[in-house]
Amino acid sequence: MKTPFFFSFSLFFFFFFYCHTLLVFSATTIPLQLISLLSIKSSLIDPNNILHDWDPSSSFSSNTENQDHPIWCSWTGIICHSKTSQITTLDLSNHNFSGTISPQIRYLTTLNHLNLSRNVFSGTFQAAIFDLSELRTLDISHNSFNSTFPPGISKLKFLRVLNAYSNNFIGPLPQELSVLRFLEHLNLGGSYFNGTIPPSYGSLARLNFLYLAGNSLVGPIPPQLGHLRQLQHMEVGYNPLESTLPTELAMLTNLSYLDISSTNITGPLIPELVGNLTMLETLLLFKNKLTGEIPRSIGNLKLLKALDLSDNKLTGSIPEEISMLKELNFLGLELNNLTGSIPQTVGDLPNLNFLLLFNNSLTGILPQKLGSNGLLKKVDVSTNFLEGPIPPNLCNGNNLNRLILFYNRFNDSLPSSLVNCISLSRVRIQNNRFNGQIPLGLGQLPNLTFLDISDNEFTGRIPEDFGNAVRLQFLNISGNAFESALPSNIWNSTSLQIFSAAGSKITGEIPDFGNSLNGSIPWDIGNCEKLIQLNLSRNSLTGIIPWEISALPSITYVDLSHNSLTGTIPSNFNNCTTLENFDVSFNSLTGPIPSSGIFPNLHQSEFSGNPGLCGGMVAKPCAAETLGSEDNQVDGRRQQPRKTAGAIVWIVAAAFGIGVFVLVAGTRCFHANYGRRFGNDGQEMGPWKLTAFQRLNFTAEDVLECLSMSDKILGMGSTGTVYRAEMPGGDIIAVKKLWGKQKENIRRRRGVLAEVEVLGNVRHRNIGAAATEKYAYTLQVDEKSDIYSYGVVLMEILSGKRSVDAEFGDGNSIVDWVKSKIKSKDGIDDILDKNAGSGCSSVREEMIQMLRISLLCTSRNPADRPSMRDVVLMLQEAKPKRKLLDLDSIVIGRCGGGGDNVVVGGGEIPLAQKATAES
C-alpha cells in the first residue's frame, strides 16, 4: 500500500500548477482528507463541472490544520462533523458522473454515509470503499456496475443500509452480507445476479427491507427467510424461482409488503401463510403457477390495500371473506380458473378503486352496490359468464374511467346514470346481450375516447349526440338491430377515426359528407383524410364507386360487398399503396379489375357476384374496347353515356397531347444544345454545391464534367440518369442525376439544400435510405420527409433489421423488403422480430398495428403519408394489452388474455401502485 507521505509529496506539484502560485510547505502537512477528495475529483468524469468548488487553492491561504472549519467542509456534496470537522457524508448522487472511484477514497476514514447513486459509473465496483469501516449507509443504486460483487463488504461491520438497485452486477449474491448484524435495509434488485438466494440471509436479525427482485435467481425461496422477524418489506419476484411458498414465511408477522410475482412457484396458497400475515398492506403473487382455492383466511388481513393473485391457476370461488378487507383498494384476480359468483358484499368495500376479474369462468351478476363508495376507477370483468344489469351506481363520484365488460351475457338496458359519468374514457361492452336504446347523452361525455357496443341487441334510434362527441376516436355499433338511420351529423365528431356499423340493420341513406347524392356513396368521402377502414357492406347502395376513396391517405380496408353498385372499379386503385383489403363482391360492377398494387394478391371471391367484371382475377378476358376504357378512364363519377361526346373529348385530348409533346421535345433540344455550349466553361452549369457525407478527394466540377458525356451513361430509370464518373485521383464513382422540374421554385430548392446540409452533419445509418427515397420521387423536401424517416425507424424496431441489408436484394431498402413480404402468405411472420416478443399473441397484435403505421409513413407518394399528429393518434390506439412491471428503470412485459391491462408498481415504492394501459 502506498504511504500517505507518498501521496502528499506527489500532489505537491499538482497544487503548484493548480493554484498558480508558489507555496512552500512540508508535504506531511497536507491532510489526508484533502488528498482523498482531490484524488476522487481527478478520477471522475464531471461533464457538468459540478465539483468546480473543489478548489484546493484557498486551502493553503492559511494553516488548514488550525482552521475550525476546513474549506472542504463547504464543498459540494460534503458534510463534516460539527465538532471534529471530520468528513461524515459524501453525497455525489444524481450528477451524471462517470469514470472511476479513486482507491484513495479509503482515507475518508470517518465517513458514515456514501451516496454514489443515479450516475453512470460502470465497470468494476471499487473495493477500497469496503475499507471505510465507519460506514453506515452505502447507496450505489442506478448505475451500470457490471462486474461480480467484489469481496470485502464484511469489513463494514456497522453498515445499516446497502442499496445497489438497478445495476448490471453478475454472478452470485454476496454471501458475506450475512455477518452484518446491524444491516436493516438490503436492496440488490434490478441486476443480473444468478444462482440461489443464500439461506444465510435468514440470519440478518435486524433486516426490515429485503429487495432481490428483477435478477436471474433460481432455486427455492429459502425457508430461513422466515426467521427475519423484523422484516416489513420483501420483494423477491421477477426471478425464475422454483418450488413452493415455504410455510415458514408465515412467521413474518411484521410484514406489510410482500411481492413474489412473476416467478415459477407452484402449489397452493397455504391458509396459515396467508392468514398469519395480519400486518400486510400489499400482497402481490401474480403470474405464477399457484393452484387450489383462495383460502378463507384471507379475511384476516384487515389492513390489506392491494391484493393481486392474477395470472395463476387458482380454482374455486371468490371467498366471501374478501368483503372483510375494508381497506382494500385494488383487487386483481384475473386470468385464473375461478368459478361461481362474485360475492355481492364486494360492492360494499368502502375503498375499492380497481376491480379486475377478467378471463375467468365467473357466473351470476355483478354486485349491485358496486361503485356506491364513489371511488371506483376501473372495472374489468370481461370474458366470463356474467349476466344481469350493470350496477346503477357504478359511477358515483365520477371517478370511473374504464368500464370493460365484453364477452359476457349481460342483459337489460344501459343504466341512465352512465350519461352523467363525465370521467369515462373507455367503454368496451361488446359481445353481450344488452338491449333497449342507447341512452341519449352518452356521446356527449367530455372524456370518452373509445366506445365499443357491438354485437349486442340494441334497438331504436342511434343518438345524434355521437356527432357532437368532442374526443371520441373509436365508435363501433356493429352487430345490433337498430332498424333506424344513422344520425345526419355522425361525421361531425371532430376526433372520430374509426367508425363501424356493419350488420346493425341500419336503414336509410348514408349521411353525406357535405353534398347530397341520394342513394350513392358521396364522392366527397375523400374529405375524410383520417379514414382507415371503410365498411359499407350489406346495404342497398347504388351508383358508382367514387375514385376519391383510392386517394384517402391512410385507407387500408374497403368493403363494399353486397350492394347494388354499378360502373367500373376506378383504375386509381392501382396506385393506392396503403390498401390491404378490398371486397366488392355481389354488386353489379363491370369492366376490368385493376391489375397492380394489392390486386394481384386478392382472392377471386372478393369480386364474385359481378358477372360484368373481367380480367385475370376472374379468369375472364376483357374485350379490347373494355381495356381501353380502363386505361383512359377520366373520372369515375362523370362517366358519359354518349359515344359522340367521348370521341370529341379524345380528339381534343390527343391534339393537346401532341402539341405538348412537340413543345417539350423542342424545349429539351434547345436546353441540351444551350447547355453544351455554355457547360464546358462552367459558367452556366450552376449554381452547384457539393455536400460531402465523408472526406472526398474530388470537387463538384470533377463530377459535372462527366454529366455531359453520353458515353458515360450506365443506365436510365424513372427518376434520373446514372453516370460512370472517373475522378482525377483515379476513384470511380456512380452519379445519379435526378430529373427535377425545370422551373423548380426557390422554396423547394432551398428545402433540398437545407436537407442535404442536415444529412451531411448528422451521422446516422438510417439517413441514406430515407433521404434517397422524395428525393427520387418528387425532389420535394418538407415535413413528410420526417414521417418517412420515422416509418423506416419503426420498421427497423419491428423487424430487428437495419434499413439497408444485403438480405433485401440489390438496391432495395427495408421499405421495399417489408412491402414485398406483406404480399406473401406468411410474410408478416417473417417481418416481425421474434426476439421482440412477436411469438406472444397480444404483443404480435400490437406489432402488426405498428407495422401498419410504418407502412402509412413510408407511402411512396408524400401526400399519402399521415401527419405526425395523425401518427400520434394512431399510436394512442395501439397501446399495450399486457401487464407491465415498473421497477423504476426496468419494464417487464407479460402475455395475457383479454381485458384492459395494468401497470404494477414495484421497485423502491413502499406500496402497490397500479395504473392502467389502454387496450
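Predicted, not measured: the structure shown is a model, and the values here were computed from it. (Residues numbered from 1 in each chain as written. Predicted model: local features only at pLDDT ≥ 70, side-chain atom pairs only at ≥ 80, totals over all residues. Heavy atoms only, no water.)

Draft legend 1. Spatial organisation of the overall build of the chain. Helix and strand counts for the chain come out as 14 helices and 45 strands. Put simply, the chain shows about 42200 Å² of open surface, and 53% of that area lies on carbon and sulfur atoms. (Helix = DSSP H or I, 4+ residues; strand = E, 2+ residues; numbered from the N terminus. Areas by Shrake-Rupley, 256 points an atom, 1.4 Å probe, with all protein chains shown as cover.)

Draft legend 2. The state of the cysteines, seen in detail. Evaluation of the coordinates by the stated rule reveals three disulfides. Shown here is the disulfide that connects cysteine 73 with cysteine 80, its sulfur atoms set 2.1 Å apart. Looking along the S-S bond of the cysteine 73-cysteine 80 disulfide, the torsion reads about -95°, which is the left-handed sense. Both residues of the pair, cysteine 73 and cysteine 80, belong to the buried class. Here cysteine 614 pairs with cysteine 622 through a disulfide, and the sulfurs are 1.9 Å apart. With the S-S dihedral at roughly 105°, the linkage between cysteine 614 and cysteine 622 falls on the right-handed side. (Disulfide = S-S within 2.5 Å. Buried < 20%, exposed > 50% of the residue type's maximum accessible area, 1.4 Å probe, protein only.)

Draft legend 3. Structural context of the sheet that holds strand S35 (residues 557–559). Taken in spatial order, the three strands make up an open sheet running S34-S35-S36, and their pairing is parallel. The open sheet has two edge strands with one neighbour each: strand S34 (533–535) and strand S36 (581–583). Taken over all neighbouring pairs, the strand axes of this sheet differ in orientation by 10° on average, direction set aside. (Pairing = 2+ DSSP bridges. Axes fitted to C-alpha atoms, helices over the stretch in contact; angles between N-to-C directions.)

Draft legend 4. Highlighting helix H11 (residues 814–821). When we look at burial in H11, the residues that qualify are Ile814, Val815, Trp817 and Val818. The buried residues of H11 all sit within an arc of 160° when viewed along its axis, so they share a single face. (Arc of directions from axis to C-beta.)

Draft legend 5. How the structure looks around the UniProt feature "binding site: ATP" (unreviewed entry) in the chain. According to UniProt, the positions carrying the feature "binding site: ATP" (unreviewed entry) are Lys737. Tracing the backbone through its elements, the reader meets lysine 737 in strand S41 (residues 732–738). (UniProt positions renumbered as here; feature names shortened; annotations may be inferred.)

Draft legend 6. Structural detail: the pairing of strand S3 (residues 87–91). Buried residues dominate S3, accounting for four of its five residues. Bridge count for strand S2 (residues 78–80) against S3 is three bridges, and the pairing is antiparallel. Within the sheet, the bridge partner assigned to isoleucine 78 lies in S3 and is leucine 90. As consecutive antiparallel partners, S2 and S3 are separated by six residues, and within that stretch serine 85 has a phi angle of approximately 60°, a positive value.

Draft legend 7. A look at the packing of aromatic side chains. The tally for this structure, following the rule as stated, stands at 22 aromatic pairs. Seen in terms of ring centroids, phenylalanine 410 and phenylalanine 434 are 6.0 Å apart; in terms of plane orientation they differ by 10°. Their pairing is stacked. Placement of phenylalanine 410 in strand S27 (residues 409–410) and of phenylalanine 434 in the loop between strand S28 (426–428) and strand S29 (435–436) is noted, with a sequence separation of 24 residues between them. Each member of the pair, phenylalanine 410 as well as phenylalanine 434, is classed as buried. Clustering of aromatic rings is evident, with ring pairs tying together Phe121, Phe125, Phe130, Phe145, Phe149, Phe169 and Phe193. (Phe/Tyr/Trp six-rings, centres within 6.5 Å; stacked < 30°, edge-to-face > 60°.)

Draft legend 8. The environment of serine 93, seen in detail. Along the chain, serine 93 turns up in the loop between S3 and strand S4 (98–99). For serine 93, a relative accessible area of 17% corresponds to the buried category. With residues near it in sequence (within four places) discarded, serine 93 still touches Asn115, Leu116, Ser117 and Asn119. Looking at serine 93, its side chain comes within polar contact range of the side chain of aspartate 91, at 2.7 Å. (Contact = heavy atoms within 4.5 Å. Polar contact = N/O pair within 3.5 Å; in protein donor to acceptor, adjacent residues only side chain to side chain.)

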